[in-house]
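# Analysis of the macromolecular model
The lines below spell out each chain.
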Amino acid sequence: MSRRLLLLSLGVVASSAIGCAVTGTPFEKISSPPGNAVIYVYRPYSYGSSELRPAVTCGEDTARIGPGGYHAFIVPAGQKVDCTMTTDKTDDVEFDTERRSYYVREELGWGWLTGVPHLNPVDTDKAQSEIQSCKLEPQTGPTGQATQTGSAK
């Protein structure tokens, strides 16, 4: 491989990796308001992560989470809550919520033409080590204004 081609290839890889990770505030656990539970959906950054940000809905809240990001969904405790992620395919996970924290790892596999969504519930111990490197994914409301729904305020 010529030196010029090698330098060009390294430049493309470096520039694509720089813009991939979420740049919000580092992970911070929140306390759920009385009568609620918190579902943290996070997407660990990994080499080759897709820039796709499919919508994830838990209860009444929807967020788009990029590589290296997370979102805290505040949901009513004592109810069944469904979390859904959709591309051309759909994956979902259901919780019988108690007043505590739940963790879900978002992953995108590859199908023929699009990402295939996977929502994987993770135990608290494993999630704590994985989510520490994630940052809060800023969300935009209907007016295009940034919102911090579910963040520590």
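What this report covers is the structure whose coordinates are included nearby.

Definitions and limits used
- Residues numbered from 1 in each chain as written.
- Predicted model: local features only at pLDDT ≥ 70, side-chain atom pairs only at ≥ 80, totals over all residues.
- Heavy atoms only, no water.
- Phe/Tyr/Trp six-rings, centres within 6.5 Å; stacked < 30°, edge-to-face > 60°.
- Helix = DSSP H or I, 4+ residues; strand = E, 2+ residues; numbered from the N terminus.
- Buried < 20%, exposed > 50% of the residue type's maximum accessible area, 1.4 Å probe, protein only.
- Pairing = 2+ DSSP bridges.

### Here we look at the packing of aromatic side chains
- One pass over the structure, following the stated rule, counts 5 aromatic pairs.
- Taking the centre distance of 5.4 Å and the plane angle of 70 degrees together, the rings of Phe27 and Tyr40 count as edge-to-face. Taken together, the residues span a long stretch of sequence, with Phe27 in the loop between helix 1 (3-18) and strand 1 (36-43) and Tyr40 in strand 1 at a distance of 13 residues.
- According to the relative accessible area criterion, Phe27 is buried, its value standing at 11%.
- With relative accessibility at 0%, the residue Tyr40 sits in the buried group.

### Considerations on the pairing of strand 8 (residues 115-122)
- In the sheet, strand 7 (residues 101-110) pairs with strand 8 via 8 bridges, with the strands oriented antiparallel. Across the sheet, the residue bridging to Gly109 is Val116, located in strand 8.
- Between strand 7 and the antiparallel strand that follows it, strand 8, lie 4 residues.

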